[in-house]
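One letter stands for each residue in the lines below.
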Amino acid sequence: MLAGIKSLLQSPKWRTWLFISFTLLLYYTRTRPPDPIYDIETVGNQAFLAVGKTGVVVIDLNDPEELNEISSLDTFGTVYSLQVLGSYIYLADGPDGIKILSTDQGELNLEGGFRTPGDALDVAVAGSQVYAIDSKEDLLVLKVNENDGAFSLSSTHDLPDKAQKIKISGNWAFISNN
């Protein structure tokens, strides 16, 4: 097992990822009151952080030794998960459900939302379908209207165990529980 970890750490890709993750955590814990970072997604030279009750924070990664916050938005929920697609950010915002934000010239703007029956715990997007893990209904499948960002419920699925996370790959949905 230690040999596997050692070989992972020798990979430049993994070392870079670990360095950026550690630097983000260090930066964030020193510049704000502690609120857990539930999810991180990097796109280009930016990191998008799901920071619980603080909301969404966007960090500039151009200089890893001096990280700068580009923007942030308090969503008034508890952001557990996010997925960035183009200029849109899809959020699982706890008791406030699913939300879509747009990134317009560095500013975060709320575009739409859908109130889930329970807490939205995770979100995954494939095309115009949004898949949400919900604390009461398990899996929700939503359709997004591309013209106005409005959601409509396509279907709900009860799962045998309480779901926590979802990832979409092609025609497959991978769901995990605790």
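Nothing here was measured: the structure is a model prediction, and the numbers come from that model.

For this particular structure, what's the right way to read the pattern of salt bridges?
Any two side chains of opposite charge can pair, so long as their charged atoms come close to each other. Counted according to the given criterion, the structure contains four salt bridges. For Asp-96, the salt bridge is made with Arg-115, and the minimal N-O distance between the two is 3.0 Å. One end of the pair, Asp-96, is in the loop between β6 (88-92) and β7 (98-104); the other, Arg-115, is in the loop between β8 (107-114) and β9 (120-126), with 19 residues separating them in the sequence. Its relative accessible area of 58% is what places Arg-115 among the exposed residues. Through salt bridges with shared partners, one network takes in Asp-93, Asp-96, Lys-99 and Arg-115.

Can you walk me through the nonpolar core in this structure?
General note: in soluble globular proteins, nonpolar side chains tend to be found buried as a group. With 14 residues, the main nonpolar core has Tyr-90, Ile-98, Val-123, Val-130, Leu-142, Val-144 and Phe-151 as its most contacted residues. Taken together, the elements giving at least two residues each to this core come down to β6, β7, β9, β10 (129-134) and β11 (138-144). Other than its neighbours up to four places away in sequence, Phe-151 contacts Ile-98, Ile-100, Gly-112, Gly-113, Phe-114, Val-130, Leu-142, Lys-143 and Val-144. Grouped together as the second largest cluster of nonpolar side chains are 11 residues, Phe-48, Leu-82, Val-84 and Leu-101 included.

Which parts of the structure should I look at to understand the layout of surface pockets?
Rolled over the atoms, a probe as big as a water molecule pinpoints where empty space is left. Estimated volume of the largest pocket: approximately 210 Å³. When grouped by side-chain class, the residues that make up the lining of the largest pocket number four nonpolar, five polar and three charged. Considering only enclosed or pocket space, the second largest pocket measures out at about 150 Å³ in volume. In terms of lining, the second largest pocket is formed by Trp-17, Ile-20, Ser-21, Leu-24, Ile-40, Glu-41 and Thr-42. Secondary-structure elements contributing two or more residues to the lining of the second largest pocket are α2 (12-31) and β1 (39-43). At four residues, α2 tops the list of elements feeding residues into the lining of the second largest pocket.

Definitions and limits used
- Residue positions are counted from 1 within each chain, in the order its sequence is given.
- Predicted model: local features are reported for residues with pLDDT of at least 70 only, side-chain atom pairs are reported and counted for 80 or more only, and whole-chain, interface and lining totals are derived from all residues.
- Remark: hydrogens and water are excluded; side-chain values derive from all non-hydrogen atoms of the structure.
- The term salt bridge refers to a side-chain nitrogen of Lys or Arg lying within 4 Å of a carboxyl oxygen of Asp or Glu.
- Where helices and strands are cited, they refer to DSSP runs of H or I of at least four residues and of E of at least two residues respectively, numbered from the N terminus.
- For every residue, the accessible area (1.4 Å probe, protein chains only) is compared with the maximum for its type, and the residue is labelled buried under 20%, exposed over 50%, or partly exposed between those bounds.
- Side-chain atoms within 4.5 Å are what join buried Ala, Val, Leu, Ile, Met, Phe, Trp, Tyr and Cys residues into a set we call a nonpolar core.
- Residues are treated as being in contact if the distance between any of their heavy atoms lies within 4.5 Å.
- The rule is simple: put a 1 Å grid over the protein atoms alone, call a set of points where a 1.4 Å probe fits but cannot get out a cavity, call an open set with protein on both sides within 12 Å along at least five of seven lines a pocket, and count a residue as lining if it has an atom within 4 Å of a point.
- Grid points are joined across faces, edges and corners, and a volume is the space filled by probe spheres set on the points.
- Residue polarity is assigned by list, with Asp, Glu, Lys and Arg as charged and Ala, Val, Leu, Ile, Met, Phe, Trp, Tyr, Cys and Pro as nonpolar; anything else, Gly included, falls into the polar class.

Spatial relationships are all this shows, so hold off on functional conclusions.
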